[in-house]
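Overview (structure and organization)
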Amino acid sequence: MIEIEHLTKRYDDTEVVSDVSLSVPKGKIAALVGTSGSGKTTLLRMINRLVEPTSGRVLIGGVDVSTMPPHLLRRRIGYAIQGHGLFPHRTVAQNIATVPRLLKWPEDQVRARVDELLNLFQLDPARFRDRLPHELSGGQQQRVGVARALAARPEVLLMDEPFGALDPLIRAKAQSDLLALQRQLGTTLVIVTHDMEEAVSLGDRIAVMDKGHLLQYAPPAEILKNPATDFVRELIGQDQRPFHLLSLTPVSALVRPGEATGPAIAPGTSARDALAECLWNGRDALPVEGGGIVTLDDLLKHARGTGAATR
Ligand SMILES: Nc1ncnc2c1ncn2[C@@H]1O[C@H](COP(=O)(O)OP(=O)(O)OP(=O)(O)O)[C@@H](O)[C@H]1O
């Protein structure tokens, strides 16, 4: 669990983070969104003491991070940034092994962990282990950056626009891989993103920042349905609201008894994809694998925020 209490950062006369308090329960994901310069990165970097707060404090697992030596703290906290930040003269394997080696893991365990992570990120160890970062594509470098952050199985992972440079397809895949991994390991994750879609699909809660202030910190459905201020409403993008709401909900939450013709969809499909299928193929209802149907009517109601429960 991460508890941020009245955190403030001032540079000379300018307050770039102002009295921010929020907590992220163990195993949950907080997504930080806001305009450029709103203080997201500064807030993130105060968690692992890359930036020292002017006032306030951060607790991880109940321990005040200011009492922990920064280098030891950073071995416990994974950190992945846009543009990956890999060491250019070290191989992929050496990069990923950085923290496990600092923690003096036995060499055979380090090697096994590197291969495990490369496999997980769909980079064949035999082909990629000994390459230097410049011998990888941008997307591959970014995946290695995330693998490195995860190498020592940190309890907390901080990510600053980790998928910023990826194309939409690889990005969606990287996000779902990260989510699966995070759920499996129970990692507590704070991720800075400019992409509202990413915040909605990854965040258990979204923190909206503006000019150093935290304007709202709430589950995605709450932010979408009840934005706290006009700024939050604008940031979400009013026109995208129905689609974000649909993305949040699996078809399984909207299933009702009934019969429909045509190919069935999986219950885990998002309501957004189900609506796209209805619209594209002119269907009023879709059978759902395992029984029942989802109707166009229910999908439209849900898009207006009046349908069944959202995550
Ligand atoms: N070391 C520093 N000295 C002085 N000002 C700084 C320093 N680091 C950041 N700032 C200022 O603090 C403000 C917040 O910066 P920060 O990087 O946290 O914003 P951000 O929300 O992450 O922005 P972006 O989305 O563009 O990355 C900016 O106005 C920035 O210029």
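Residues numbered from 1 in each chain as written. Predicted model: local features only at pLDDT ≥ 70, side-chain atom pairs only at ≥ 80, totals over all residues. Heavy atoms only, no water.

To continue, consider the overall build of the protein. Counting its regular elements, the protein contains 14 helices and 12 strands. A globule of 311 residues ought to have a C-alpha radius of gyration of about 19 Å, and the protein, at 21 Å, matches this closely. Summarising its shape, the C-alpha atoms of the protein cover approximately 60 × 50 × 30 Å along the three principal directions. Expressed as a percentage of the 311 residues in the protein, the buried residues total 48%. Within the protein, contacts between residues at least 6 apart in sequence are counted, and of these 62% link residues at least 24 apart. Accessible surface for the protein amounts to roughly 14500 Å². Of this, 53% is attributable to carbon and sulfur atoms. (Helix = DSSP H or I, 4+ residues; strand = E, 2+ residues; numbered from the N terminus. Rg over C-alpha atoms; globule rule 2.2 N^0.38 Å. Buried < 20%, exposed > 50% of the residue type's maximum accessible area, 1.4 Å probe, protein only. Contact = heavy atoms within 4.5 Å. Areas by Shrake-Rupley, 256 points an atom, 1.4 Å probe, with all protein chains shown as cover.)

What follows covers the pairing of strand S8 (residues 188–192). Most of S8 sits out of view: 5 of its 5 residues are buried. Alternating positions in S8 separate into two faces, Thr188, Val190 and Val192 on one and Leu189 and Ile191 on the other, with burial throughout. One ladder, built from 4 bridges, connects strand S3 (residues 29–34) with S8; its direction is parallel. Directly across from Ala30, in S8, lies its bridge partner Val190. (Pairing = 2+ DSSP bridges.)

Around the ligand, the structure places Tyr11, Val16, Thr35, Ser36, Gly37, Ser38, Gly39, Lys40, Thr41, Thr42 and His194. Interatomic distance of 2.8 Å between a side-chain N/O atom of Thr41 and an oxygen atom of the ligand. For the ligand, the accessible surface in isolation is 640 Å², of which the surrounding protein chains cover 55%. Taken together, the residues of the shell around the ligand sort by class into 2 nonpolar, 8 polar and 1 charged. (Near = heavy atom within 4 Å. Polar contact = N/O pair within 3.5 Å; in protein donor to acceptor, adjacent residues only side chain to side chain. Nonpolar A, V, L, I, M, F, W, Y, C, P; charged D, E, K, R; others polar.)

The strand order across the open sheet formed by 4 strands is S2-S1-S4-S5, and the pairing between neighbours is antiparallel. One side of each edge strand has no neighbouring strand; the edge strands of this open sheet are strand S2 (14–24) and strand S5 (63–64). Seen against the sheet, helix H1 (residues 40–47) touches strand S1 (2–11), S2 and strand S4 (55–60) and runs at an angle of roughly 120° to S1. (Axes fitted to C-alpha atoms, helices over the stretch in contact; angles between N-to-C directions.)

Below, the discussion takes up the confidence of the model for the protein. Summing up the model confidence of the protein, the mean pLDDT is 90 and the portion of residues at 70 or higher is 97%. With a pTM of 0.85, the predicted complex shows an ipTM of 0.95. (pLDDT = per-residue confidence, 0-100.)

Glycine aside, negative phi is the norm for most residues, and most peptide bonds take the trans geometry. A positive phi angle, close to 50°, is found at His6, a residue other than glycine. In this structure, His6 sits in strand S1. Positioned with a positive phi, Lys104 is a non-glycine residue whose angle comes to about 60°. Residue Lys104 is classed as exposed on the basis of its relative accessible area of 70%.

Nonpolar side chains in soluble globular proteins generally cluster together in the buried interior. By size, the foremost hydrophobic cluster in this structure holds 49 residues, and its most contacted members are Ile96, Phe121, Met159 and Ile206. No other element matches helix H7 (residues 138–150), which puts 5 residues into this core. Not counting the four nearest positions on each side in its chain, Ile206 is found in contact with Ala31, Val33, Met196, Ala199, Val200, Gln216, Tyr217, Ala218, Pro220 and Ile223. One finds Ile4, Val192, Met209 and Tyr217 within the second-largest nonpolar core, a separate group that totals 27 residues. (Core = buried A, V, L, I, M, F, W, Y, C linked by side-chain atoms within 4.5 Å.)

Using the criterion set out here, one finds 0 aromatic pairs in the structure. In this structure, Arg90 packs its charged tip against the face of Phe87, placed 4.3 Å from the ring centre. (Phe/Tyr/Trp six-rings, centres within 6.5 Å; stacked < 30°, edge-to-face > 60°. Lys NZ or Arg CZ within 6 Å of the ring centre and 35° of its normal.)

With mixed pairing, the 6 strands of this open sheet are ordered in space as S6-S7-S8-S3-S9-S10. With one partner strand each, in any of the chains shown, strand S6 (77–81) and strand S10 (213–218) form the two edges of the open sheet. On average, each strand axis in the sheet is tilted by 15° relative to the strand beside it, whichever way the strands run. Here 5 bridges tie strand S9 (residues 205–210) to S10, and the two strands are oriented antiparallel to one another. Note that in S10 the partner of Met209 across the bridge is Leu214. Where H1 meets the sheet, its contacts fall on S3, S6, strand S7 (156–160), S8 and S9, and the angle it forms with S7 comes to roughly 155°. Lying over the sheet, H7 contacts S6 and S7, oriented at roughly 170° with respect to S6.

Further remarks concern helix H14 (residues 296–303). Within the span of H14, buried status applies to Leu296, Asp298, Leu299, His302 and Ala303. Projected down its long axis, H14 carries its buried residues within an arc of 165°, all on one side. Looking at the buried positions of H14, the neighbouring elements they touch are helix H12 (241–247), helix H13 (271–281) and strand S12 (293–295). Positive phi shows up at Gly305, right after H14, with a value of about 80°. (Arc of directions from axis to C-beta.)

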